[in-house]
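Now for the letters of each chain:
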Amino acid sequence: MDEIRIKALKLYGYHGVFEFEKEEGQNFYVNATLKLDTQMAGLKDDLTRSVSYADVCCDIEQHFKDNIYNLIETAAENVAIMILDKYKLISEVMIEICKPEAPVTQEVENLSVCITRARHTAYIAYGSNMGDSMATIESALADIDADRCCTITKKSKVVVSSPYGGVEQDDFYNGVIELSTYYEPKNLLMFLQEIEKKYGRTREIHWGPRTLDLDIIMYDDLIINSEKLNVPHPDMLERDFVMKPLAEIAGYRLHPIEKKTIEKLASKIGSQYIK
């Protein structure tokens, strides 16, 4: 991607752990790298096809005036999210907040925090077969969409399916959502597990009944194999109640490992569990 770079934007702010920092304030410097496609803006000489660095500078300055944080990590996080939220042409942003007057006893030229945040696309499969499943699903999806780091961009239809895994239990209500998120994979997993816990999810019986199940099916085009997270979901190709709803909203996407479209992979499964 192309980049717009803002270097050493000088600001006065009141961020710091100590009370005198919040009362007296100090100088900060912000470096920002904005990643976006500027080709058509350059070819057409048209600012509407790019992002005004003057506007971004003003927004960062206003954010510093309107907010006080203990940590420059928090300031950097919120500035990055503010920029990504406001400027949809920007796909990724690097923010460095420098604190040259930081209260440390050692002599240092500068102290800073540098973060990179991006807009990611994730697909989340949900399921429920305990209590008022539809009410739980609707409420949980509303909670996800209300989080500042998540926006639900597409929803599949809800399907009813027979239990998977051989445990005798009630039918499931299943579906898939497309999620635009600033969470990195492990943090998205933690966030979804918090939502599950809110709605009474327990993990006592493998493939057993549950009030709410939220699984990361795909995350961008990443392949992740770790102790806590595997993406793409290793069992997704065997589950019509995942693949059919996923094909409904993202049939054109390629499975990162199989290198075939979701629509083609879903068509090979047939109807195994969906009623």
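Reading the values: rules and limits
Residue numbering note: each chain is counted from 1, following its sequence as written. Residue-level local features of this predicted model are given only where pLDDT is at least 70; pairs of side-chain atoms are given and counted only at 80 or more, and the full residue set underlies all totals for whole chains, interfaces and linings. The side-chain numbers reported here are obtained from all heavy atoms of the structure, hydrogens and water having been left aside. Buried residues of nine kinds, namely Ala, Val, Leu, Ile, Met, Phe, Trp, Tyr and Cys, make up a nonpolar core once their side-chain atoms join them within 4.5 Å. The cut-offs for exposure are 20% and 50% of the maximum accessible area for each residue type, with area from a 1.4 Å probe on protein chains only; residues under the lower value are buried, those over the upper are exposed, and the others partly exposed. Strands are runs of DSSP state E lasting at least 2 residues, helices are runs of H or I lasting at least 4, and numbering of each runs from the N terminus. Throughout this description, the term salt bridge denotes a Lys or Arg side-chain nitrogen within 4 Å of a carboxyl oxygen of Asp or Glu. Only centres within 6.5 Å qualify two rings of Phe, Tyr or Trp (six-membered ring in Trp) as a pair; their planes then separate them into stacked at under 30 degrees, edge-to-face at over 60, and tilted for everything else.

Novice: Before we go on, may I ask you to explain the nonpolar core in this structure?
Specialist: One broad trend across soluble globular proteins is that nonpolar side chains are buried collectively. By size, the foremost hydrophobic cluster in this structure holds 57 residues, and its most contacted members are I60, I83, I95, I144 and L188. With 9 residues, the top contributor of residues to this core is helix α4 (residues 72-86). With 18 residues, the next largest nonpolar core counts V176, M218, F241 and I249 among its residues.

Novice: Quick question: what am I supposed to make of the pattern of salt bridges here?
Specialist: Note that side chains of opposite charge can pair when their charged atoms are close. If you walk through the whole model with that rule in mind, you get 11 salt bridges. In this structure, D46 engages R49 in a salt bridge whose closest nitrogen and oxygen atoms are separated by 3.4 Å. Notably, a salt bridge pairs K86 with D59, separated by 3.0 Å at the nearest N-O pair. Here K86 is found in helix α4, whereas its partner D59 is found in helix α3 (residues 53-66), with 27 residues between them in sequence. One salt-bridge network, in which partners are shared between bridges, spans E3, R5, K35 and E92.

Novice: It is not clear to me how the packing of aromatic side chains should be interpreted in this structure. Could you clarify?
Specialist: All told, the structure shown has 5 aromatic pairs when counted by the stated rule. A ring pair is formed by F18 and F20, whose centres lie 5.7 Å apart and whose planes are at 15°; its orientation type is stacked. Taking the centre distance of 5.9 Å and the plane angle of 80° together, the rings of F241 and Y273 count as edge-to-face. Here the residue F241 occupies a position in helix α7 (residues 240-250), and Y273 occupies one in the segment after α8 (262-269), the gap between them amounting to 32 residues. Owing to a relative accessible area of 9%, F241 belongs among the buried residues under this scheme.

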